[in-house]
Every structure is written in structure tokens, then in C-alpha cells.
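# Report on the structure
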Amino acid sequence: MELIDGNAIAAAIVAELKQEVAARPGRKPCIALVRVGEDPASVSYVRKKEKTAAEIGVTSRVILPPETISQAELFTLLDELNTDPTVDGILVQSPLPKHIDELAVFRRVSPEKDVDGFNTLNLGKVAQEDETGFVACTPAGIMELLARSGVDLKGRHVVVLGRSLIVGKPVALLALQKKAGANGTVTICHSATSNLSALTRQADVLIAAIGRAEFVTADMVKPGAVVIDVGVNRVPDPTKKTGYRLTGDVHFPTVAPLCSRITPVPGGVGPMTVAMLMKNTVKAHRLRTEAG
Ligand code: NAP
């Protein structure tokens, strides 16, 4: 079994982006990071994004509206950022407070600045295999992890657990694309799928993105499969200072020995998400600069 080291692969991407940004004349890329409220996980995710941006030479503008911001006020803020010529990318950290329609917010971000890739147009471009758009960061990160680990999906059965707009659906579309590294035969499973284990056991590549701690057990995995664990779950653990430990959607101790390759949690898909956000921001800056 070989571990797919997301930290190392993400660090390589960050180093490449740093070189690319250093070589660009003029104004550096800029990302606006909008975090509504004080959700502790969001605080730490935005801090990590800010830190990685600084490492690459991307300017970040952190905007912290209160939890009580109305949807209309948030739209006004996004409209200002959409038209601000010094901002290349906009990220609205999810989750948003319950009174705000998250999908409407994703749609409000201008497609040219939608470095999170959640806007309708950018999701559509993934389906159309139009590379001028922005691919959502976690799915893009999964494809990059596979490519840089030498895993070619051509002719292989890819089973995706989960059909969310943020992970499951876009990663399934990417694996299906008619291009080098992809060309997978894809099955998507969800909470209404019957005989789930019979399907997962057929997977040459299993991508688990359901948000259920250690759901995928050894009896669900074909020996020699590649397993990508997207899940980030907090499990109570009194031996930890925090009172919890982070675990994926895969029961790592029993599944890992069966696999040819597997991503750990933490240190697998997570670091790739931030690296791909930066890659999208640097791309947005290049496209805007080229367009004049
Ligand atoms: P989500 O929006 O809650 O979607 C979960 C999906 O899993 C849904 O499609 C759901 O089916 C399906 N599902 C739930 N229970 C199931 C079961 N027992 N059997 C089969 N399918 C089941 O979650 P998400 O946003 O895609 O995130 C999934 C996980 O990835 C979470 O742990 C999240 O924290 C993690 N994540 C990690 C990163 C990262 O950077 N590492 C980024 C994003 C998300 P239905 O559609 O039928 O409800």
C-alpha cells in the first residue's frame, strides 16, 4: 500500500504557483475571502487560505461580516467585489448562516471571479469540458492528486460516494471527461442507492465524500483499489486536548492494508483544496490581465 501524500503534492503546487506569480509583472493576484460569523472551522479554514496566499505572493483581503448580515447586504458586498478591478477571485466560506441562501450566494459571485467554482456557469463548463472556467477546488484537487500519483482513470471503474454539488457531482463529471488522465467509467452513489457495498466492491478507484465517519469498511473495498477519502469528520476522543479527533469517511486501519493507494485524513485531500483555490486565483488573475 502506498500513501498518497496530499501535503507534499499541495506543497509542490504552491511552489509552482509562487514561481509563476513572482514572474508576473505588475499588480499581484488578489483574493477576497469573505467569512460570515465566527464558525470555528471556518475561522481556521480562512486563516489557512490567507497563509497559503501570502506564501505564494497572492494578496488576500479578508472581509468579516457579522452573523446577522442579511442576504441583501451580502449581495451588495459581493456586487462591490465583483466590480472591484483590484480583486481577481472571491471566496465565500461555507457554511453560511441558515437565513442565507447559499446557492443564491454562489450564483451572485461573478463567474470570472468564482475561484471556488460553485457558480452555475462554471459547473456547466465542467460538464461541457470547457477549460476556460473554474473547477471547484476539492474535485480539482482530487484529480490532481490522482494525476500526480500516476493513477490514470482510463478504462477503470470509478465509484463516487456522494452527489453533492461541491464534491460528488463535479468529481464524477471530471472523472468522466474525455481527456488524458480521465475517461473513467463512473458510478455515483447516494443515500438512496441499493446494494451500496456491491457497487463499491467493483471500484478500481473509490472516492468517498459522504460525511459519515469511517463508513467505508474493508468488506466494501476491492483488494488493490485506489481509495480517495474526502470526508472530514470530528469524532469525540477524550484522549485528545481538543476532545475530538479528525477522521475520514473510510475506516483507514482496516481499509489501507487492502489498497494499492489511499489518501490519509488529515493530510490527503484537505491540503489540495487550498492549493487548487490558489491555482484558480492565479488563473483568474492571468485571464483578467490578458483580457486587459
Ligand atoms: P454533503 O453535501 O452532506 O453530501 C453528502 C452526500 O453523501 C450526499 O449526496 C448524500 O446523499 C450522501 N450520503 C450521505 N450518507 C450516505 C450513506 N449512508 N450512503 C450513501 N450516500 C450517503 O457533503 P459534502 O459537502 O459533499 O462533503 C462530504 C464530506 O467531505 C464531508 O465530510 C465534508 O466535510 C468533506 N469535505 C472535505 C473537503 C476537503 O477539502 N477535504 C471539502 C469538502 C467536503 P443524498 O444526496 O442522498 O443526501
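Preceding this section is the structure that the text describes.
Because the structure is a prediction, the values reported are computed rather than measured.

What counts and what doesn't
- Residues numbered from 1 in each chain as written.
- Predicted model: local features only at pLDDT ≥ 70, side-chain atom pairs only at ≥ 80, totals over all residues.
- Heavy atoms only, no water.
- Helix = DSSP H or I, 4+ residues; strand = E, 2+ residues; numbered from the N terminus.
- Rg over C-alpha atoms; globule rule 2.2 N^0.38 Å.
- Buried < 20%, exposed > 50% of the residue type's maximum accessible area, 1.4 Å probe, protein only.
- Areas by Shrake-Rupley, 256 points an atom, 1.4 Å probe, with all protein chains shown as cover.
- Lys, Arg positive; Asp, Glu negative; His and termini not counted.
- Charge placed at Lys NZ, Arg CZ, Asp CG, Glu CD.
- Core = buried A, V, L, I, M, F, W, Y, C linked by side-chain atoms within 4.5 Å.
- Contact = heavy atoms within 4.5 Å.
- Phe/Tyr/Trp six-rings, centres within 6.5 Å; stacked < 30°, edge-to-face > 60°.
- Lys NZ or Arg CZ within 6 Å of the ring centre and 35° of its normal.

### As for the overall build of the protein chain
The helix and strand inventory of the protein chain stands at 10 helices and 11 strands. By the compact-globule yardstick of 19 Å for 292 residues, the protein chain fits well, its C-alpha radius of gyration being 19 Å. For the protein chain, buried positions account for 50% of its 292 residues. In the form shown here, the protein chain has an accessible surface area of approximately 13,500 Å², with 56% of it arising from carbon and sulfur atoms. Looking at charge distribution, the protein chain has the averaged site of its 34 positive side-chain charges lying 2 Å from that of its 31 negative ones.

### Describing the nonpolar core
Side chains of nonpolar character tend, in soluble globular proteins, to be buried together. Counting 47 residues, the largest nonpolar core has Ile 142, Leu 146, Leu 153, Val 205, Ile 207, Ile 228 and Val 230 as the members making the most contacts within it. A per-element tally of this core places helix α10 (residues 269-291) first, with 8 residues. The residues contacting Ile 207, other than those within four sequence positions of it, are Ile 142, Val 158, Val 159, Val 160, Leu 161, Val 171, Ile 228 and Val 230. Formed by 19 residues, the second largest nonpolar core is a distinct cluster that contains Phe 75, Leu 78, Leu 96 and Val 105.

### Side note on the packing of aromatic side chains
For the structure shown, the criterion picks out 1 aromatic pair. Ring plane angle 55 degrees and centroid distance 4.8 Å describe the contact between Phe 106 and Phe 118, whose orientation is recorded as tilted. A residue pair is termed long-range when its members are at least 10 positions apart, and Phe 106 in helix α4 (residues 102-108) and Phe 118 in the loop between α4 and α5 (120-128) qualify at 12 residues. Assigned by exposure class, Phe 106 and Phe 118 land together as buried. Sitting over the face of the ring of Phe 134, Lys 283 holds its NZ or CZ atom 5.5 Å from the ring centroid.

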